[in-house]
Amino acid sequence: MTVYFIGAGPGDPELITVKGQRLIHRCPVIIYAGSLVPAAVLEGHSAQTLINSAELHLAQIIEAIKQAHDQGLDVARVHSGDPSLYGAIGEQIRYLRELGIPYEIIPGVTAVAASAALLGCELTLPDIAQTVILTRYGDKSPMPAGEQLADLARHRSTLAIHLGVKHLEKIVEELRPHYGGDCPIAVVHRATWPDQDWVLDTLDGIVRQVQAKGFRRTALILVGRVLASDSFSESALYRASHAHLYRP
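Conventions used here
Residues numbered from 1 in each chain as written. Predicted model: local features only at pLDDT ≥ 70, side-chain atom pairs only at ≥ 80, totals over all residues. Heavy atoms only, no water. UniProt positions renumbered as here; feature names shortened; annotations may be inferred. Domains from an automatic or database assignment. Buried area = accessible area lost by both parts, 1.4 Å probe. Polar contact = N/O pair within 3.5 Å; in protein donor to acceptor, adjacent residues only side chain to side chain. Pairing = 2+ DSSP bridges. Helix = DSSP H or I, 4+ residues; strand = E, 2+ residues; numbered from the N terminus. Axes fitted to C-alpha atoms, helices over the stretch in contact; angles between N-to-C directions. Contact = heavy atoms within 4.5 Å. Core = buried A, V, L, I, M, F, W, Y, C linked by side-chain atoms within 4.5 Å. Buried < 20%, exposed > 50% of the residue type's maximum accessible area, 1.4 Å probe, protein only.

- An unreviewed UniProt entry annotates the protein chain as Precorrin-4 C(11)-methyltransferase of Pseudomonas tructae.
- The annotation that UniProt attaches to the protein chain under Sequence similarities (unreviewed entry) is "Belongs to the precorrin methyltransferase family."

### Observations concerning the domain arrangement of the protein chain
- We note that the domain assignment places domain 1 (3–106) and domain 2 (111–227) within the protein chain.
- Computed over C-alpha atoms, the centres of domain 1 and domain 2 are 29 Å apart.
- Summing the contributions of domain 1 and of domain 2, the shared interface buries around 700 Å²; its carbon and sulfur component is 71%.
- The interface formed by domain 1 and domain 2 holds five residue pairs in polar contact (both at pLDDT 80 or more) in total.

### Some thoughts on the sheet that holds strand S8 (residues 184–189)
- Spatially, S6-S7-S10-S8-S9 is the arrangement adopted by the five strands of the open sheet, whose pairing is mixed. Strands at the two margins of the open sheet, each flanked by one partner only, are strand S6 (132–136) and strand S9 (197–202). For this sheet the average axis-to-axis angle between neighbouring strands, irrespective of direction, equals 15°.
- Bridge count between S6 and strand S7 (residues 158–162): five bridges; the pairing is parallel. Considered in S7, the bridge of Arg136 is made with His162.
- Lying over the sheet, helix H4 (residues 111–119) contacts S6, S7, S8, S9 and strand S10 (219–223), oriented at roughly 70° with respect to S10.

### Concerning the sheet that holds strand S3 (residues 49–52)
- With parallel pairing, the five strands of this open sheet are ordered in space as S3-S2-S4-S1-S5. Sheet topology places S3 and strand S5 (103–106) at the edges, where each strand pairs with a single neighbour. Across the sheet, the mean angle separating the axes of adjacent strands is 15° when strand polarity is ignored.
- Inspection of the sheet shows strand S1 (residues 3–7) paired to S5 by four bridges, in the parallel sense. If you follow Ile6 over to S5, its bridge partner there is Ile106.

### Looking at the nonpolar core
- Counting 25 residues, the largest nonpolar core has Leu159, Leu168, Leu175, Val187 and Ile206 as its most contacted members.
- Broken down by element, this core gets its largest block of residues, five residues, from helix H6 (residues 168–179).
- Leaving out residues up to four positions away in the same chain, Leu175 has contacts with Leu149, Ala153, Leu159, Ile161, Gly180, Leu203 and Val223.
- Of all hydrophobic cores here, the second largest spans 17 residues; its members include Ile6, Ala33, Val37 and Ala47.

Structure follows, in structure tokens:
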């Protein structure tokens, strides 16, 4: 028996790995995050037990897994996006280790990747940014020392901020001294869902745009010059003068 932590992707049911979909179809027990995973992701399943974890607390989730373990039944534990990023799987894994229950993590497409695709951009451009920082806005729970937004902004890298759209004005105030008011910023709402929407502006103009759209939750913030720049060097990989193993 194995518990499979499966990344269902950002919303589009086709943005799930073949392995993740195969496991959902064959596992006799499915525990899914119903508030974030679309029902279409579960289509074609043959599970005898289907549990919406949005209605449960941690102890109840672990109890459901223990019951499946006692019966020798594989569990598809379905999370949105990629379960290793803000998926709250660490606390579940800690219990599984204590209980001696095997598990495996199946990666998924992240909201960051989906948002970059919608914006039609590369997040790492030569001369502009070669680093992407994924973080969240510290609201209900504090950020660890050294991970305050201002600390990260000093790098002026491409920045992806989860769970922050309600605090956009404060975020802009913290970022402006490091990125400049003319720096591009995008707010992507429900990437790849049928009602997806987004705004691309500058730090100086983004708050008004987002207020007009009415984005209040389920939105990702991307910041960086890569979002609106064509002034960068070509990569060495495809340069005619650059030789490598496959192109002597």
